[in-house]
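A structural walkthrough
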Amino acid sequence: MIELLKLETSPVAVALVPEGTEVPEKIKKIDESIRHCQMVDRVRKTGEEFYATLEDETCKGGAAALGLGKMPPKVESGEFYYETLKHFKTLEASRKTLEKIPRIEAGSKIASIYAPLESATFMPDVVVIICNAKQVMLLTQAILYNEGGRLEAEFAGKQSLCSDAVALPYLTGKMGITVGCSGSRSYTGIEESELTVGIPVNLLNDLIEGLRAIAGKAPAK
């Protein structure tokens, strides 16, 4: 995937650990408390592998989207985006948007695990790729290579790398494309020209087949 898309940073493997199970012992815990979007950005650049729990997530809205906890009341009600960020004309418009943002059942996950896809020691649920618009085009063409059709991109510029890029693919089994959000644009090193794609792991084989056909054969090993 890195070769065919000419990616400058790694695709990030993300696994969500269900309640009642345990994180593999060999995977270390993250060494600081940051946001989910920052974790993805860090891993794609550093090549680290680690896991995080709710206490490690400084953005509780993002953590809630991943199923690690409950959505904060002011986010849930729409108050945060209406009164604090001034992103909506009315509280009702804000609430209406938040109600439609995909999220995994609260408390159903105990941790999220991150690693570069090429070196992950675990099976991911979703692969997150941060890339440019042309690379998103190639991913779109590749995912449609076998069966055709059209993609339905669903986003609101809110809870982007957590909800749009992980929760939505996890819940629907479909590729998610997102433009980013205020948090992910402010707290990470994601470039203004970069978009984010979330791919359910079960689509990877078809995706690679399509990329090889459209973007060129992978170099022989």
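Looking at an unreviewed UniProt entry, one finds the chain named DUF169 domain-containing protein and attributed to Methanosarcina flavescens.

Turning our eyes to something else, we now look at the overall build of the chain. The secondary structure content of the chain amounts to ten helices and six strands. On C-alpha atoms alone, the chain measures out to a radius of gyration of 17 Å, which is about the 17 Å that the 2.2 N^0.38 rule sets for 221 residues. Counting only C-alpha atoms, the chain reaches 55 × 40 × 30 Å along its principal axes. A sequence separation of at least 24 residues applies to 71% of the contacts in the chain between residues at least 6 apart. On the chain, roughly 11,200 Å² of surface is accessible, and the fraction owed to carbon and sulfur atoms is 50%.

A few words on the nonpolar core. Here is a general trend for soluble globular proteins: nonpolar side chains tend to be buried in one another's company. In terms of nonpolar packing, the biggest core is built from 26 residues, with Val-14, Met-39, Val-40, Leu-66, Tyr-114, Val-128 and Val-166 touching the most fellow members. For this core, the secondary-structure elements that each account for two or more residues are β1 (12-18), α2 (36-46), β2 (50-52), α3 (60-65), β4 (126-131) and α8 (160-172). Sequence-distant contacts of Val-128, that is, excluding residues within four places in its chain, are made with Pro-11, Val-12, Val-14, Val-40, Ala-165, Val-166, Thr-196 and Val-197. Counting residues in hydrophobic clusters, the runner-up holds 21 residues, among them Leu-7, Val-127, Cys-131 and Leu-203.

The subject of this paragraph is the packing of helix α7 (residues 133-143) against helix α10 (residues 204-215). In the contact formed by α7 and α10, the axes pass within 7 Å of each other and the chain directions differ by 110°. Here α7 is positioned roughly perpendicular relative to α10, judged by the angle of their axes. The crossing of α7 and α10 is right-handed. Contact residues: Leu-138, Leu-139, Gln-141, Ala-142 and Ile-143 in α7; Asp-206, Leu-207, Gly-210, Leu-211 and Ile-214 in α10.

Quick look at the sheet that holds β2 now. Overall, antiparallel pairing links the six strands, which are arranged β2-β3-β1-β4-β6-β5 in an open sheet. Looking at the sheet topology across the chains shown, the edges are occupied by β2 and β5 (176-178). Geometrically, the sheet is characterised by an average inter-axis angle of 25° between neighbouring strands, direction not taken into account. Relative to strand β3 (residues 109-116), β1 is paired through seven bridges, and the arrangement is antiparallel. Pairing of Val-12 across the sheet is with Pro-116, part of β3.

Let us now look at the packing of aromatic side chains. One pass over the structure, following the stated rule, counts two aromatic pairs. Both rings, one in Phe-50 and one in Tyr-114, keep their centres 5.7 Å apart while their planes meet at 45°; by these two values the pair is tilted. Here Phe-50 is found in strand β2, whereas its partner Tyr-114 is found in strand β3, with 64 residues between them in sequence. The exposure class assigned to Phe-50 is buried, which follows from its relative accessible area of 0%.

With seven of eight residues buried, β3 lies mostly within the body of the structure. Sheet topology places β2 next to β3; three bridges connect them, and they run antiparallel. Of the residues in β3, the one forming a bridge with Ala-52 is Ser-112.

With that settled, the discussion passes to the pairing of β1. Burial within β1 is extensive, with six of its seven residues counted as buried. As paired elements, β1 and β4 share three bridges and run antiparallel to each other. Paired with Val-12 across the bridge in β4 is Val-128.

Turning our attention to the environment of Asn-205. Note that Asn-205 resides in helix α10. Residues Asn-205 and Ile-104 lie 101 residues apart in sequence; the distance between their C-alpha atoms is 25 Å.

Here Lys-86, not a glycine, exhibits a phi torsion of approximately 60°, which is positive. Tracing the backbone through its elements, the reader meets Lys-86 in the loop between α5 (79-84) and α6 (91-99). Of note in this structure, Gln-159 is not a glycine but carries a positive phi near 45°. When you line up the elements, Gln-159 lands in the loop between α7 and α8.

Conventions we followed
- Residues numbered from 1 in each chain as written.
- Predicted model: local features only at pLDDT ≥ 70, side-chain atom pairs only at ≥ 80, totals over all residues.
- Heavy atoms only, no water.
- Helix = DSSP H or I, 4+ residues; strand = E, 2+ residues; numbered from the N terminus.
- Rg over C-alpha atoms; globule rule 2.2 N^0.38 Å.
- Contact = heavy atoms within 4.5 Å.
- Areas by Shrake-Rupley, 256 points an atom, 1.4 Å probe, with all protein chains shown as cover.
- Core = buried A, V, L, I, M, F, W, Y, C linked by side-chain atoms within 4.5 Å.
- Buried < 20%, exposed > 50% of the residue type's maximum accessible area, 1.4 Å probe, protein only.
- Axes fitted to C-alpha atoms, helices over the stretch in contact; angles between N-to-C directions.
- Parallel < 35°, antiparallel > 145°, perpendicular 65-115°, else oblique.
- Left-handed = near helix turned anticlockwise from the far one by under 90°.
- Pairing = 2+ DSSP bridges.
- Phe/Tyr/Trp six-rings, centres within 6.5 Å; stacked < 30°, edge-to-face > 60°.

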